[in-house]
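# Structure at a glance
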Amino acid sequence: MTMSEAIGGPRGIIDSSIPTVAFVTVNAEAGLTAGIAVAVAAALALLVLRIVRHEPTQQTFSGLFAVAVAAFVASRTGDAKGFFLPGIAKNAVGVVVALLSVVLRRPIAGYLMAGLDARYVGWQNDSRQRRAAVWATLVWGAVFALRFGVQGVLYLADESGWLAAANIALGLPLFGLAVLASFAIVRRLAPLPPQPPAAAVVDGEVVGSEWVGSEAVEGEVVRADGPSPEAPGSAGRVSP
């Protein structure tokens, strides 16, 4: 996975940034209500555009939901910085969950590893895989802690503009770095052997790697019960 793939490419960064930038800009010029309306409209427009172009919409749906929740909180608090309060709270929860899962010896990253690759299903019983899961979980805990710390300080300082900048800078770009770091940790600490090549089956017979198509090597037929010599004159054929 590349950095671009992890964050959805430049388009992913732009789509995630537009509603936030629109909110802060319009709020500064026309007030909180107008800023909320423009932010929600921008998120909806991005979703419609992706649907029309038949592009993946999962990330845009998530963004629309996040903007809707942020707009609701901002409208209830009557303050522009309330727009960023749900994200700050989410990161606080992320820190607690990550650290608690490590303390309980059930690091969240282990379950994600098993979900992405069936060969990690028994990660709890493998010391290397368990260690990789712990470190990968700590990486995400650090990401959540950084976001919470920076945005929390700016929230208390009533810096809505800087909150928007931090929200963008610590959003998808940092997410992409965390994904790449997690993959690197798992590959380094708990590498998996390559998948064994599958045996081919021809006319009810198991053919090993010595076979190409239906031609035998060294005049032998490889059957399920082992190799057996061919009858004279039958070289190069697979007996039914």
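### Thoughts on the overall build of the protein
Across its full length, the protein carries 9 helices and 4 strands. Going residue by residue from the N terminus, the α and β elements of the protein occur as α-α-α-α-α-α-α-α-α-β-β-β-β. Counting across all 240 residues of the protein, residues that qualify as buried make up 33%. A separation threshold of at least 6 residues defines the contact pool for the protein, and within that pool the share at least 24 residues apart is 58%. Of the roughly 14,000 Å² of accessible surface on the protein, 67% is carried by carbon and sulfur atoms.

### Quick word on the packing of helix α6 (residues 108-116) against helix α7 (residues 127-156)
Relative to each other, α6 and α7 sit at 115°, their axes nearing to 7 Å. Seen from above, α6 lies across α7 with right-handed handedness. In contact with I108, A109, G110 and M113 of α6, α7 contributes Q129, A133, A136 and T137. For the contact of α6 with α7, the class distribution of residues is 5 nonpolar, 3 polar and no charged.

### Brief notes about the confidence of the model for the protein
Residues at a pLDDT of 70 or more form 75% of the protein, whose mean pLDDT is 79. Within the protein, helix α5 (residues 85-103) carries the highest mean pLDDT (95), whereas strand β3 (residues 220-223) carries the lowest (45). Low confidence marks residues 206-240, where pLDDT is under 50. Its contacts with residues over four positions away, or in another chain, come to 44 contacts.

### What to know about unusual backbone geometry
In this structure, R105 is a non-glycine residue whose phi angle is positive, near 60°. Tracing the backbone shows R105 in the loop between α5 and α6. Backbone geometry places D158, a non-glycine residue, at a positive phi of 60°. Position of D158 relative to the elements: it lies in the loop between α7 and α8 (160-169).

### Focus on the packing of aromatic side chains
When we look at a pair of aromatic rings, we describe it by the centre distance and by the angle of the planes. As enumerated under the stated definition, the model contains 6 aromatic pairs in all. On the basis of an interplanar angle of 75° and a centroid distance of 6.4 Å, the ring pair of F23 and F84 is categorised as edge-to-face. Linking F23 in helix α2 (residues 9-30) with F84 in the loop between α4 (58-77) and α5, this pair joins segments that are 61 residues apart in sequence. Each member of the pair F23 and F84 is classed as buried. Connected via pairs of aromatic rings, a cluster forms that spans F23, F83 and F84. The ring of Y155 has K81 lying over it, and the distance from NZ or CZ to the ring centre is 4.4 Å.

### Remarks on the pattern of salt bridges
This model, assessed by the stated rule, comprises 2 salt bridges. When the shortest N-O distance is used, the salt bridge between D158 and K81 registers 2.6 Å. Here K81 lies in the loop between α4 and α5 and D158 lies in the loop between α7 and α8, a separation of 77 residues in the sequence. Classification of K81 by relative accessible area gives buried; the value is 14%. In this structure, R119 and D117 form a salt bridge, with 3.0 Å as the shortest nitrogen-oxygen distance. Taking the relative accessible area as the measure of exposure, R119 reaches 33% and is therefore partly exposed.

### Some points on a nonpolar patch on the surface
On the surface, V93, V97, I108, Y111 and L112 cluster together into a nonpolar patch covering about 450 Å² of accessible area. Of the residues forming the nonpolar patch, the biggest block, 3 residues, is contributed by α6. Looking at the element boundaries, V97 is found in helix α5. Under the relative-accessibility criterion, V97 is labelled partly exposed at 42%.

### A look at helix α3 (residues 32-52)
End to end, α3 covers 30 Å across 21 residues, agreeing with the expected 30 Å (1.5 Å per residue, within 8%). Just beyond α3, the residue with positive phi is H54, at close to 60°.

Scoring rules and cut-offs
- Residues numbered from 1 in each chain as written.
- Predicted model: local features only at pLDDT ≥ 70, side-chain atom pairs only at ≥ 80, totals over all residues.
- Heavy atoms only, no water.
- Helix = DSSP H or I, 4+ residues; strand = E, 2+ residues; numbered from the N terminus.
- Buried < 20%, exposed > 50% of the residue type's maximum accessible area, 1.4 Å probe, protein only.
- Contact = heavy atoms within 4.5 Å.
- Areas by Shrake-Rupley, 256 points an atom, 1.4 Å probe, with all protein chains shown as cover.
- Axes fitted to C-alpha atoms, helices over the stretch in contact; angles between N-to-C directions.
- Left-handed = near helix turned anticlockwise from the far one by under 90°.
- Nonpolar A, V, L, I, M, F, W, Y, C, P; charged D, E, K, R; others polar.
- pLDDT = per-residue confidence, 0-100.
- Phe/Tyr/Trp six-rings, centres within 6.5 Å; stacked < 30°, edge-to-face > 60°.
- Lys NZ or Arg CZ within 6 Å of the ring centre and 35° of its normal.
- Salt bridge = Lys/Arg side-chain N within 4 Å of Asp/Glu carboxyl O.
- Patch = residues over 30% accessible without salt bridge, like charges linked within 9 Å, V, L, I, M, F, W, Y side chains within 5 Å.
- Expected span 1.5 Å × (residues − 1).

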